[in-house]
Amino acid sequence: MGTSTAYGGPGGGTPLVPSWLGSDDDAGGPAPPATPPAGAPAGAPAGAPADDPASPAPLPPAPPVRPAIPTPADSSRFTAPRSNFTRFAHSGGGDRASLGRAVSGYVSKSSGGARQAAQRMGASRGSGARLLGFLADVQARGATEALRSLDLEGLAGRPIDEVFMGLADYICPNAGTVDEGIAREAFIETIVDLSTLGVTDLDALSPDQMQTVFELYATRAIEARLCNDIGTKLVTAPADPQVALRVQSQLRDFIRNGVSDALTAARAETPTLTQDRVHAFVDTVYERAFGILQALGDAEADQ
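Computed from a prediction, not measured in an experiment: that's the story for all the values here.

A.B. asks: How should the pattern of salt bridges be read in this particular structure?
C.D. replies: It is possible for side chains bearing opposite charge to pair when their charged atoms get close. Using the criterion set out here, one finds 17 salt bridges in the structure. Notably, a salt bridge pairs Glu-269 with Arg-288, separated by 2.6 Å at the nearest N-O pair. Here the residue Glu-269 occupies a position in helix α10 (residues 241–269), and Arg-288 occupies one in helix α11 (residues 278–302), the gap between them amounting to 19 residues. In this structure Arg-288 comes out as partly exposed when scored by relative accessible area, which is 28%. Because the salt bridges share partners, they merge into one network encompassing Glu-189, Asp-193, Arg-220, Glu-223 and Arg-252.

Put into structure tokens, the structure is as follows:
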């Protein structure tokens, strides 16, 4: 991938979608013990006479109830998609069946289906929602007002690549984990893509160009997620740099086809995108994109 350091990929023993243990504060916590009546010795059960020697000893407080730790997923669930992806890379892009099997297996087996694959996008879903929400605000109120709401009005009137670079910390904050790094890398590479496509003026951004911006971002994010999970051989396998670029370009086009179809369908269902619908819209696009990619992968594998 263009701006990231190669990552060895997850070992497979972590849950499909990691969850974090809740706290007592999250669930309200255990009920506090009843206050003993005045004059009762500390620890006496509520309602017991203070001087009754036959009173039973107080019971220890019940331990807080915490969510169960998720069962580790199959440690070998990435093996088959990685093998197929490596064969695709070694073929210089000629073995499309291996690409199809790699992507389909990644969605269906490694991730546990399209919905779980979408949930694995983590930070990229949040960043995508912030990006799309900002673009929707630009469409509704204009670039100057949208930037002013983020205290970035000094960027108004600047070329779109400069505006987006100024938005990087808002769109993709705290790039300290692999997941957050994927989101930020996808955003930076989207900025590069826009300049090559001639999209330069934020104030003149049309609804179709707005869709293109998000389509490019989601494509880059899914590509980075997939490469970090199963595609570590993508760049290193082909000896010829031009062949490596061709392999990567084929993968990106494959993913973008799925994202484009998913985004077109979601946009037809939600033609007017308001701020309160952005997160649900982004989640729908990612889930549908992975479902389409699985179907496209199956079709490639069968040829």
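Right, picking up where we left off after that structure.
A.B. asks: Honestly, the packing of helix α3 (residues 96–110) against helix α9 (residues 207–230) in this entry has me stumped. Any pointers?
C.D. replies: Between two packed helices, both the angle of their axes relative to each other and the distance between the axes serve to describe the pair. Two elements in contact, α3 and α9, have axes separated by 12 Å at closest approach and are oriented at 90°. Our classification of the angle between α3 and α9 gives roughly perpendicular. Seen from α3, the contacting residues are Ala-102, Val-103 and Tyr-106; seen from α9, they are Arg-225, Leu-226, Asp-229 and Ile-230. Each residue belonging to the contact of α3 with α9 can be placed in one class, and the counts come to five nonpolar, no polar and two charged.

A.B. asks: Is there a simple way to think about the side chain of Glu-215 in this case?
C.D. replies: Inspection of the secondary structure puts Glu-215 in helix α9. A polar contact is formed between the side chain of Glu-215 and the side chain of Arg-256, at a distance of 2.6 Å. Each residue touching Glu-215, except ones within four places of it in the same chain, is listed here: Arg-256, Val-259, Ser-260 and Leu-263.

A.B. asks: Help me understand the confidence of the model for the chain, please; the structure alone is not making it clear to me.
C.D. replies: The predicted coordinates of low-pLDDT regions are not to be read in fine detail. Mean pLDDT for the chain: 82, with 77% of residues reaching 70 or above. Low pLDDT, under 50, characterises residues 1–8; the predicted model gives this stretch 18 contacts beyond four residues in sequence or across chains. Counting interchain partners and residues more than four positions distant, the pLDDT-below-50 stretch residues 14–34 has 27 contacts.

A.B. asks: I'm lost on the nonpolar core in this one. Help?
C.D. replies: In a soluble, globular protein the nonpolar side chains are often hidden away together inside. Judged by nonpolar contacts, the single largest core of 67 residues is most densely connected at Phe-164, Leu-202 and Phe-290. With eleven residues, α9 is the single largest residue contributor to this core. Sequence-distant contacts of Phe-164, defined by excluding residues within four places in its chain, comprise Leu-131, Phe-134, Leu-135, Phe-187, Ile-191, Leu-194, Leu-202 and Val-213.

A.B. asks: How should I be thinking about α11 in this particular structure?
C.D. replies: One full turn of an α-helix is made of 3.6 residues, so residues set three or four places apart face in the same direction. Its 25 residues give α11 an end-to-end C-alpha distance of 36 Å, which sits within 8% of 36 Å, the value for a rise of 1.5 Å per residue. All of the buried residues along α11 are Val-278, Phe-281, Val-282, Val-285, Tyr-286, Ala-289, Phe-290, Leu-293, Gly-297 and Glu-300. Elements that come into contact with the buried residues of α11 comprise α3, α4 (114–119), α5 (123–141), α9 and α10.

Basis of the calculations
- Residues numbered from 1 in each chain as written.
- Predicted model: local features only at pLDDT ≥ 70, side-chain atom pairs only at ≥ 80, totals over all residues.
- Heavy atoms only, no water.
- Salt bridge = Lys/Arg side-chain N within 4 Å of Asp/Glu carboxyl O.
- Helix = DSSP H or I, 4+ residues; strand = E, 2+ residues; numbered from the N terminus.
- Buried < 20%, exposed > 50% of the residue type's maximum accessible area, 1.4 Å probe, protein only.
- Axes fitted to C-alpha atoms, helices over the stretch in contact; angles between N-to-C directions.
- Parallel < 35°, antiparallel > 145°, perpendicular 65-115°, else oblique.
- Contact = heavy atoms within 4.5 Å.
- Nonpolar A, V, L, I, M, F, W, Y, C, P; charged D, E, K, R; others polar.
- Polar contact = N/O pair within 3.5 Å; in protein donor to acceptor, adjacent residues only side chain to side chain.
- pLDDT = per-residue confidence, 0-100.
- Core = buried A, V, L, I, M, F, W, Y, C linked by side-chain atoms within 4.5 Å.
- Expected span 1.5 Å × (residues − 1).

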